[in-house]
Amino acid sequence: MLALHWDGQRLRLKRSYPTPQATESTALVRVRLAGICATDLQIFKGYMGFTGVPGHEFVGEVNEGPADLVGKRVVGEINFACGACAACLQGLGRHCSTRRVMGILNADGSFAEYLTMPLANLHVVPAIVSDEEAVFTEPLAAALEILEQVHLQPAAEVIVLGDGKLGQLCAQVLHLTGARVTVVGKHQDKLALLRQLGVHTVRLADWRPGKADLVVEATGSAAGLSLAIETVRPRGTLILKSTVAEPHTLSLAPLVINEVTVVGSRCGRFPPALRALAQRNIAVTPLIDKIYPLSEGLAAVKRAAQPGARKVLLKTSLKQV
């Protein structure tokens, strides 16, 4: 099968990568669309020390598996948990100590024509949700996870740092709560998308940090954490969304002095995300930059890494083999 492969040093397009095989507990899924995420770009900088097929955002069609799933469009949660450890028994499979993570840790991902996924991780996509919408399920679930982790007052002052794909989704989710949301970013075209949805925006060059009740750090850069610490009020809450390969070098004393609550926020549950997409509560397709065929995957990754790029998607076709 056709696949993009990262060997730890270089990303290559492989035309004869081994096709994975379904088992009793997994399904073989033909990928229809895959999204290139900021985390994927960090992997190419050394994040997690991953090697293999990258990619963890996808919508596909079950090719082999249980009869009631074959032919169904699906998305899949990316953490492959053991199901038996203390974390799993508490419903925290996303934090299983021996988990594999699709396209990130010890498991091939979605930048390929096929992938295998545990049956327990699959979710059928509602017919009303298009492929171009469904491919956003994973990042939208991550944005919705914020509401699982913190209780947000309707009148709260919220700052989202970063106007990238995840920052946009976080802003839309938080805006639905009635909170006063401001997105700080560098790109006028991206900020314009949010203004059309009624979200207040400001360019980073024109902004002076205030003291917000909740700050979401979604810049995708190591420098974003320092700015977030400067922005959150005493006894406020700081949500960390960025995963970056480079180390942070800064004083954490202000977090102690100001008694700031710091919340790491990663993956979320898929059912709420699929419901939000089906109900058209979140606008995702305006975030799409361009769709490339998988055969042009290297060019797609190059485009995704350019400053200001929106969501770049990979479209697979068996005719490319």
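Heads up: these notes are all about the structure in this document. (Residues numbered from 1 in each chain as written. Predicted model: local features only at pLDDT ≥ 70, side-chain atom pairs only at ≥ 80, totals over all residues. Heavy atoms only, no water.)

## Some points on the sheet that holds strand 13 (residues 212-217)
With parallel pairing, 6 strands are arranged side by side in an open sheet as 12-11-10-13-14-15. Both outer strands of the open sheet, strand 12 (200-203) and strand 15 (261-264), are each paired with one neighbouring strand and no more. Across this sheet, the average inter-strand angle for adjacent strands is 20°, counted without regard to direction. Looking at chain direction, strand 13 and strand 14 (residues 232-240) are connected through 5 bridges and run parallel. Paired with Leu 214 across the strands is Thr 237, a residue of strand 14. (Pairing = 2+ DSSP bridges. Helix = DSSP H or I, 4+ residues; strand = E, 2+ residues; numbered from the N terminus. Axes fitted to C-alpha atoms, helices over the stretch in contact; angles between N-to-C directions.)

## Considering empty space enclosed by the protein
For the structure on display, the rule yields 1 cavity of 30 Å³ or more. In this structure, the largest cavity spans a volume of roughly 50 Å³. What lines the largest cavity is Glu 77, Ile 78, Asn 79, Arg 94, Glu 138, Ala 141, Ala 142, Cys 267, Gly 268 and Phe 270. Counting residues per element, the lining of the largest cavity draws most heavily on helix 4 (residues 137-149), which supplies 3 residues. Here the lining of the largest cavity is composed, by residue class, of 5 nonpolar, 2 polar and 3 charged. (1 Å grid on protein atoms, 1.4 Å probe; cavity = no way out; pocket = protein on both sides within 12 Å on 5 of 7 lines; lining within 4 Å. Points joined across faces, edges and corners; volume = space filled by probe spheres on them. Nonpolar A, V, L, I, M, F, W, Y, C, P; charged D, E, K, R; others polar.)

## Some points on the pairing of strand 5 (residues 73-76)
Burial of the side chains of strand 5 extends over both faces: Arg 73 and Val 75 are buried on one face and Val 74 and Gly 76 on the other. Direction of pairing for strand 4 (residues 57-64) relative to strand 5: antiparallel, over a ladder of 2 bridges. Counted as the bridge partner of Gly 60 is Val 74 from strand 5. Alignment of strand 5 against strand 9 (residues 122-124), held across 3 bridges, turns out to be antiparallel. (Buried < 20%, exposed > 50% of the residue type's maximum accessible area, 1.4 Å probe, protein only.)

## Section: the nonpolar core
Leu 140, Val 158, Leu 174, Val 181 and Val 216 are the most contacted members of the largest nonpolar core, which has 45 residues in total. Elements that contribute at least two residues to this core include exactly helix 4, strand 10 (157-161), helix 5 (165-175), strand 11 (180-185), helix 6 (188-195), strand 13 and helix 9 (270-278). Residue contacts for Val 181: discarding those within four places in its chain leaves Val 158, Val 160, Ala 171, Leu 174, His 175, Val 199 and His 200. If you look at the next biggest cluster of nonpolar residues, it comprises 43 residues, including Ile 43, Ile 78, Leu 122 and Ala 300. (Core = buried A, V, L, I, M, F, W, Y, C linked by side-chain atoms within 4.5 Å. Contact = heavy atoms within 4.5 Å.)

## Let's talk about the packing of helix 4 against helix 5
The geometry of helix 4 relative to helix 5 is characterised by a closest axis approach of 9 Å and an angle of 45° between their N-to-C directions. If you check the angle between helix 4 and helix 5, you find them oblique. Between helix 4 and helix 5 lies a crossing whose hand is right-handed. Contacts between helix 4 and helix 5 involve Pro 139, Leu 140, Ala 142, Ala 143, Leu 144, Ile 146 and Leu 147 on the former and, on the latter, Leu 166, Leu 169, Cys 170, Val 173 and Leu 174. (Parallel < 35°, antiparallel > 145°, perpendicular 65-115°, else oblique. Left-handed = near helix turned anticlockwise from the far one by under 90°.)

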